[in-house]
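Chains, contacts and geometry: an overview
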Amino acid sequence: MTVYGNFPGSRPRRLRTTPAMRRMVAETRLDAANLILPAFVREGIDAPVPISAMPGVHQHTLDTLRKAAVEAVSAGVSGIMLFGVPTDEKKDARGTAGTDPDGILQAGLRAVREEVGDDLVVMSDLCLDEYTDHGHCGVLTADGRVDNDATLERYAEMAQVQADAGAHVVGPSGMMDGQVGVVRDALDQTGHEDVSILAYTAKYSSAFYGPFREAVGSSLKGDRKTYQQDPANARESLRELALDLEEGADMVMVKPAGPYLDILAKVADAVDVPVAAYQISGEYAMIEAAAEKGWIDREAAILESLTGIRRAGAQMILTYWATEVAQRLGGR
């Protein structure tokens, strides 16, 4: 055997020799407490409806939503983000079903709070797109553009009814300029000073939202490129971040997660508030589809994708696998 002195003098492989060694020196740890479950509650159904593009995910009834919340608590998941799916007949140009105190999202919020109380952080999507007949995230002008300031007035109304229904956290997601400040004022002026805001700070106009549109029964024609961010831009996210913090955001989020890990890392390095990332429907669907074909190891790919998001700086991860992964990790 040829001897080369002390070469190699440094042997990083020593710290990879056994599973116990690798676990001991791991720099990033994924925990059930890092996870938030997005969930859809649909009006007018008496049984869960499978979402074809998202195997294993359903549109819930109020009863099955309650069960999903209990299961999430038992697994050790920290939060649940609710999206409402009204009947088509209730959609209109101003998304009035979204501000109806008895609307489906508000009913879902009340149901979950009644079922699990404060054992789960109950979050609500604050946006008009599920409730408008045109599918955009705001009120339209006569020529079809989204009217930023008119939309903010609607967001203020939504914040109040969602907080009244029991939301611990509201998530303004429409990417309107000034949305965090308007929502904060609306909450404070209606006695909801303790309700937190999870700002959708960097929300990109992404091709990966496709399955989500089935999940919420979207009526969108066209795209949202005039208000969601351009995937080519990075510095713009830091500008949005500064504005959201100035307006009173308690937490900030990057969406999607996987294709924007660089943005997530920049945001995490820049702030001293909690940072979230949303592993969206297309990210979920790709792994499920490849696993179904037998092309990848499903469980390993799920954990690797979530660990990468955590490593990039997310303290909270919204993922449709939240309960499953929390159970695998051992929950509490």
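Residues numbered from 1 in each chain as written. Predicted model: local features only at pLDDT ≥ 70, side-chain atom pairs only at ≥ 80, totals over all residues. Heavy atoms only, no water.

**A word on helix 8 (residues 261-270)**
Of the residues making up helix 8, those classed as buried are I263, L264 and V267. Each buried residue of helix 8 lies within a common arc of 100° when the element is viewed along its axis, so the set occupies one face. Looking at the buried positions of helix 8, the neighbouring elements they touch are strand 7 (196-203), helix 7 (235-247), strand 8 (251-255), strand 9 (275-278) and helix 10 (298-311). (Buried < 20%, exposed > 50% of the residue type's maximum accessible area, 1.4 Å probe, protein only. Helix = DSSP H or I, 4+ residues; strand = E, 2+ residues; numbered from the N terminus. Arc of directions from axis to C-beta. Contact = heavy atoms within 4.5 Å.)

**Things to note about the pattern of salt bridges**
Within this structure, the stated rule accounts for 13 salt bridges. Between R66 and E114 there is a salt bridge; the shortest N-O distance is 2.7 Å. Pair noted here: R66 is in helix 2 (residues 62-75) and E114 is in helix 3 (residues 104-116), with a separation of 48 residues, a long-range link. For R66, a relative accessible area of 22% translates into the label partly exposed. (Salt bridge = Lys/Arg side-chain N within 4 Å of Asp/Glu carboxyl O.)

**Some words on the pairing of strand 9**
A regular strand carries its side chains on alternate faces of the sheet. What you see with strand 9 is no split at all: V275 and A277 on one side and A276 and Y278 on the other are buried throughout. Sheet topology note: the strand 8/strand 9 ladder contains 3 bridges and is parallel. Bridging from a neighbouring strand, M253 pairs with A276 of strand 9. Crossover connection from strand 8 via helix 8 to parallel strand 9: handedness right-handed. Where strand 9 and strand 10 (residues 316-318) come together, 3 bridges link them in parallel fashion. (Pairing = 2+ DSSP bridges. Right-handed = clockwise from strand over helix to strand, strands pointing away.)

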